[in-house]
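# Chain and residue survey
Here's the letter readout for the chains.
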Amino acid sequence: MTPPAHGSAPAPVLPPVLIVSGTGTEVGKTVVTAAVAALAASRGRRVAVVKPVQTGEPPGPTGDLASIRRLSGVTGTHELARFPDPLSPEAAARAAGRPPLDLAVAAVVIKQLRFEADLVLVEGAGGLLVRYDPAGRTIADLAVMLDAPVLVVTTPGLGTLNHTALTLEALSTRRLASAGVVIGAWPAEPGLAERANLTDLAVIAGQPLAGAMAAGAGRLSRADFLAAARAGLSPAFGGAFHGETD
């Protein structure tokens, strides 16, 4: 698949705030967030990326935002809380003996960033309904506070149809807009299930897939990652993906 030449297509119209969530953990949210950021930045857009809660990382320079900076070149990144145990945000805060992140405060921070950036990307932790505090607030609640659409990242293999359908149903129940469904890691050698799911996920989404990022894209150089982002995301995000993979 050959990406279009830079500037050959109209710039996509993205919302001021976009939530990137998923059907679960380790589905490729960070790579997809980096891809959206890289494409927007390549078109001269001012991009900020927010990770409300980073779990499973000790204090220091590691984490999802470090990966996003390395892959996209976007430096305006903001981590609002970090807990070392690889648990849900609520459970990780509890294990650390610290208060959870107040999502209302996070919403204020994100709204303020809108004055500094053309696009604010917010990467959630785990799946859409993972708990952030004892009251049961989730990244979906943050999306409601921000009136922001949600880009759903999913897996390509067995089980993805149910997980994706449940996630989209949860969005619909909360009257949240879906910005599309992206496969976070499309295998180099897809099997029958993956090929079938490429069609069936679009049916579940009610629209063409918003992308399918190649597995291993997170290990690429910045220049190669930009090319992978163009190939792996749809024109709605500045890419060339049209529902088919090589």
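Nothing here was measured: the structure is a model prediction, and the numbers come from that model.

## Considerations on the nonpolar core
Among the nonpolar cores identified, the biggest contains 41 residues, and Ile19, Ile110, Val120, Val122, Leu142 and Leu146 are the most heavily contacted of them. With near-sequence residues (within four places) excluded, Leu146 lies in contact with Val17, Ile19, Ala107, Ile110 and Lys111. Val32, Leu151, Met213 and Ala229 belong to the second-largest nonpolar core, a separate cluster that totals 31 residues.

## With respect to helix α1 (residues 29–42)
Along its 14 residues, α1 runs 20 Å from first to last C-alpha, staying within 8% of the 20 Å computed at 1.5 Å per residue. The buried fraction of α1 amounts to twelve of the 14 residues, a majority that puts the element mostly inside the structure. The complete set of buried residues in α1 reads Lys29, Thr30, Val31, Val32, Thr33, Ala34, Ala35, Val36, Ala37, Ala38, Leu39 and Ala40. Gly44, located one to two residues past α1, shows a positive phi value of around 85°.

## Some words on the packing of α1 against helix α2 (residues 64–72)
Where α1 contacts α2, the axes come no closer than 9 Å and their chain directions differ by 40°. In terms of orientation, α1 lies oblique with respect to α2. In this structure, α1 crosses over α2, and the sense of that crossing is right-handed. Along its contact with α1, which presents Thr30, Thr33, Ala34, Ala37 and Ala38, the element α2 presents Asp64, Ser67, Ile68, Leu71 and Ser72. Looking at the contact of α1 with α2, its residues break down into five nonpolar, four polar and one charged.

What counts and what doesn't
- The numbers attached to residues start from 1 for each chain and follow its sequence in the written order.
- Since the coordinates come from a predicted model, pLDDT governs what is reported: local features require at least 70, and pairs of side-chain atoms require 80 or more to be given and counted, while whole-chain, interface and lining totals use all residues.
- Remark: hydrogens and water are excluded; side-chain values derive from all non-hydrogen atoms of the structure.
- Here, nonpolar core refers to any group of buried Ala, Val, Leu, Ile, Met, Phe, Trp, Tyr and Cys residues whose side-chain atoms link them within 4.5 Å.
- A simple rule labels every residue: compare its accessible area, found with a 1.4 Å probe on the protein chains alone, to the largest value its type can have, and call it buried under 20%, exposed over 50%, or partly exposed in between.
- Here, residues are in contact when the closest pair of their heavy atoms is within 4.5 Å.
- We count a stretch as a helix when DSSP gives it H or I for four or more residues in a row; a strand needs E for two or more, and each element gets its number in order from the N terminus.
- To estimate how far a helix should reach, multiply one less than its number of residues by 1.5 Å.
- A fitted line through C-alpha atoms serves as each axis, taken over the contacting stretch for helices, and the angle formed by two N-to-C directions is quoted from 0 to 180°.
- Here roughly perpendicular refers to angles of 65 to 115 degrees, roughly parallel to angles under 35, roughly antiparallel to angles over 145, and oblique to all remaining angles.
- We call a crossing left-handed when the near helix sits turned anticlockwise from the far one by less than a right angle, and right-handed when that turn is clockwise.
- Residue polarity follows a fixed list, in which Ala, Val, Leu, Ile, Met, Phe, Trp, Tyr, Cys and Pro are nonpolar, Asp, Glu, Lys and Arg are charged, and the others, Gly among them, are polar.

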